[in-house]
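Fold and contact review
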Amino acid sequence: MAQLKYWLWLANLPRLNNQMKLALLEHFGEPDKIYYGEKEEYFLVKGMTRPGAAALEDKNLDGTDRILGDCDRLGIRIITIRDGEYPDRLRNIFDPPLLLYVQGRMPRFDEEVAVAMVGTRRASPYAVEMGEKLAFQMAGLGAVIVSGLAAGGDAAAHRGALLAGGLTAAVIGGGHDVIYPRENRSLYEDIAARGVILSEYPPGTEHIGGHFPVRNRIISGLSLGVVVIEAPERSGALITAGRALDQGKDVFVIPGQAGDYRCAGSNALLRDGAGLAADAWDVLSGYAGRFPHKIRSLRMAEPRRFSSGERSRSIRHEKPPGKQEQPAGEKEKPVLDLTGGHGLTDDQLRIVKALKGRTVQVDDLAEETQLPVRRVLSALTVLELDRIVAQETGKRFSLTVRVKP
């Protein structure tokens with residue numbers, strides 16, 4: 001704990017950029033030696049300025065005590081660049097963060113097929129759909145989806161990974177307790193519970209514009225490659241792609257409609273040689289040989305989980321005995337048997353039972369099942385992908401199967 005105070009002191013000193021802090025660490029060896037260093041020795045570090053040396057003379061540790069208290073209250077761990085848990089992928093980029101604030105389950109990134117997915121905040125409906133679908137497919141195959149928890153394309157990537165039951169990592173440009181954007185609060189909570197949220201900024205830090213290009217190097221640094229979902233000619237997603245290329249990482253692009261300004265930048269990347277990302281295997285095929293124990297069969301890329309497993313065995317086509325009549329429209333429907341291993345979650349089961357023989361709107365489903373709307377929507381998305389329900393006009397849903405009993 002004592003050493004961690006010096007790490008926090010160094011990481012949060014003003015008027016010193018990250019590269020200068022890394023240079024100080026290389027020269028002195030440990031943060032406490034920097035803390036107790038002499039002004040004359042600071043100038044032995046290449047690039048040291050007078051304002052930087054003056055900043056190093058501030059030995060006040062009150063701020064570190066506040067950060068440690070906030071982290072303890074919020075359930076945040078701190079890992080430094082010298083810790084074994086710190087990923088080598090990130091440690092080996094040009095400008096790695098001195099430390100990371102971690103909330104949630106930190107994967108061993110060096111052993112994972114981590115793929116970054118980034119896109120414009122003002123994403124088109126097509127980009128949101130494709131980003132979510134591609135993330136769903138890749139997470140289902142075993143990839144870890146990394147993104148920035150921004151609105152639009154980033155949020156779609158995180159949602160897709162969570163819907164597949166996969167692992168997703170969010171790298172944010174501020175403190176963990178400052179939710180940005182506000183509409184992503186529920187998504188933030190889901191990622192913190194089932195994935196990991198990372199930041200190089202301490203609790204209480206606002207998400208200001210200058211932080212986002214800086215955090216993008218972490219998104220690409222943790223990943224083997226970056227998928228650009230959609231990006232206009234000036235976009236933070238293109239900055240992330242540029243960082244990835246600088247780091248020697250792969251860049252892929254979901255193709256967009258020609259002439260649409262929202263994908264002018266991403267389509268230009270395709271023109272200039274980026275890889276095509278039309279489906280999960282376009283991205284993951286190049287990594288399957290290196291990580292055979294992580295990437296599952298290609299057949300799992302399709303998000304139609306009736307094809308195998310417990311749930312498919314509970315669904316079957318039935319032919320009624322003799323001349324038994326069936327209601328009109330029911331003759332060709334498969335049967336979902338709820339008496340055995342149907343494979344549904346509790347939320348999905350509630351919704352299926354509520355929809356039996358009816359067509360119901362989302363708000364009504366939420367009221368009847370006593371579930372939050374976001375959980376109803378999440379369950380409906382999976383049920384729709386699994387072809388158990390179908391969406392009709394007016395956000396109304398109905399079953400595409402017959403339920404037994």
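The structure reproduced in this document is the subject of the present report. (Residues numbered from 1 in each chain as written. Predicted model: local features only at pLDDT ≥ 70, side-chain atom pairs only at ≥ 80, totals over all residues. Heavy atoms only, no water.)

**Concerning the sheet that holds strand β12 (residues 359–361)**
This is how the line gets drawn: Two strands qualify as a pair provided DSSP detects at least 2 bridges between them. In this description a helix means any DSSP run of H or I spanning at least four residues, a strand means any run of E spanning at least two, and both kinds are numbered starting from the N terminus. All axes are obtained by fitting lines to C-alpha atoms, using only the stretch in contact for helices, and the reported angles, taken between N-to-C directions, cover 0 to 180 degrees.
An order of β12-β14-β13 is seen for the 3 strands of this open sheet, with the pairing classed as antiparallel. Edge positions in the open sheet fall to β12 and β13 (389–392), since each of these has one partner strand only. Adjacent strand axes in the sheet meet at a mean angle of 30 degrees, parallel and antiparallel pairs treated alike. With 3 bridges joining them, β12 and strand β14 (residues 396–399) adopt antiparallel strand pairing.

**What about the packing of helix α8 (residues 125–141) against helix α9 (residues 153–163)?**
Note the following rule: Any angle that is under 35 degrees is reported as roughly parallel, and any over 145 degrees as roughly antiparallel; angles of 65 to 115 degrees are reported as roughly perpendicular and all others as oblique. Here a crossing is called left-handed whenever its near helix is offset anticlockwise from the far helix by less than a right angle, and right-handed whenever the offset is clockwise. Residue contacts are counted whenever heavy atoms from the two residues lie within 4.5 Å of one another. Side-chain classes follow a simple rule in which Ala, Val, Leu, Ile, Met, Phe, Trp, Tyr, Cys and Pro form the nonpolar group, Asp, Glu, Lys and Arg form the charged group, and the remainder, Gly included, forms the polar group.
Their axes nearest at 7 Å, the elements α8 and α9 cross at an angle of 40 degrees. Our classification of the angle between α8 and α9 gives oblique. As for how α8 packs across α9, the hand of that crossing is right-handed. Here Val128, Gly131, Glu132, Ala135, Phe136 and Ala139 of α8 come into contact with α9, specifically with Ala156, Ala157, Arg159, Gly160, Ala161 and Leu163. A per-class count over the contact of α8 with α9 returns 8 nonpolar, 2 polar and 2 charged.

**What about unusual backbone geometry?**
In plain terms, the rule: Exposure is judged per residue with a 1.4 Å probe applied to protein chains only, and the accessible area is read against the type maximum: over 50% gives exposed, under 20% gives buried, and values in between give partly exposed.
Geometrically, the link from Tyr180 to Pro181 is a cis peptide bond, its omega value of -10 degrees lying close to zero. Looking at the secondary structure, you find Pro181 in the loop between β5 (168–171) and α10 (185–194). If you check the backbone angles, Gln370 has positive phi at about 60 degrees while not being a glycine. Relative to the helices and strands, Gln370 resides in the loop between α17 (362–369) and α18 (373–385). A relative accessible area of 64% means that Gln370 is categorised as exposed.

**Topic: the packing of aromatic side chains**
Cut-off, in case you're wondering: Aromatic contacts are taken between Phe, Tyr and Trp rings whose centres are within 6.5 Å, Trp giving its six-membered ring; a plane angle under 30 degrees counts as stacked, one over 60 as edge-to-face, and the others as tilted. Look at NZ for Lys and CZ for Arg. If either is within 6 Å of the ring centre and within 35 degrees of the ring normal, a charge sits over the ring.
On inspection of all chains with the given rule, the structure shows 6 aromatic pairs. In textbook terms, an aromatic cluster arises when at least three aromatic residues are bridged by ring pairs, as seen for Tyr6, Trp9, Tyr35 and Tyr36. The lysine or arginine in question, Lys59, covers the ring of Tyr35, its NZ or CZ lying 5.2 Å from the ring centre. The ring of Phe212 carries Arg121 above its face, with NZ or CZ at 4.9 Å from the centroid.

**Considerations on the nonpolar core**
Stated formally: Nine residue types can take part in a nonpolar core, namely buried Ala, Val, Leu, Ile, Met, Phe, Trp, Tyr and Cys, and a core is a set of them joined through side-chain atoms within 4.5 Å.
Ranked by internal contacts, the top residues of the largest apolar core, which has 61 residues, are Leu24, Ile34, Leu56, Phe109 and Val228. The element contributing the most residues to this core is helix α1 (residues 2–11), with 6 residues. In this structure, Phe109 is in contact with Pro87, Arg89, Ala114, Val144, Val146, Ala169, Leu198 and Leu222, ignoring residues within four places of it in sequence. Counting residues in each nonpolar core, the second largest holds 31 residues, with Ala139, Val283, Phe291 and Ile295 among its members.

**As for the pattern of salt bridges**
This is how the line gets drawn: By definition here, a salt bridge exists when the distance from a side-chain nitrogen of Lys or Arg to a carboxyl oxygen of Asp or Glu is within 4 Å.
Tallying each qualifying case throughout the model produces 15 salt bridges. Among the ionic pairs, Arg159 bridges to Glu132, the shortest N-O distance being 3.2 Å. Within this pair, whereas Arg159 is found in helix α9, its partner Glu132 is found in helix α8, the two being separated by 27 residues in sequence. A residue is classified by how much of its surface remains accessible, and Arg159, at 33% relative accessible area, is partly exposed.

**A closer look at the environment of Ala264**
Summarising the element assignment, Ala264 is placed in helix α13 (residues 264–271). Along the sequence, Ala264 and Arg234 sit 30 residues apart, while their C-alpha atoms lie 9.2 Å from each other. Leave out the neighbours within four places in its chain, and Ala264 touches Ala231, Pro232 and Glu233.

**Describing the packing of α9 against α10**
At a minimum axis separation of 11 Å, α9 and α10 run at an interaxial angle of 45 degrees. Here α10 runs oblique to α9, going by the angle between their axes. You can see that α9 and α10 cross each other, and the crossing is left-handed. Here Ala155, His158, Arg159 and Leu162 of α9 lie close against α10, whose contacting residues are Leu187, Asp190, Ile191 and Arg194. Grouping the amino acids of the contact of α9 with α10 by side-chain chemistry returns 4 nonpolar, 1 polar and 3 charged.

In short, shape yes, function no, at least from these values alone.
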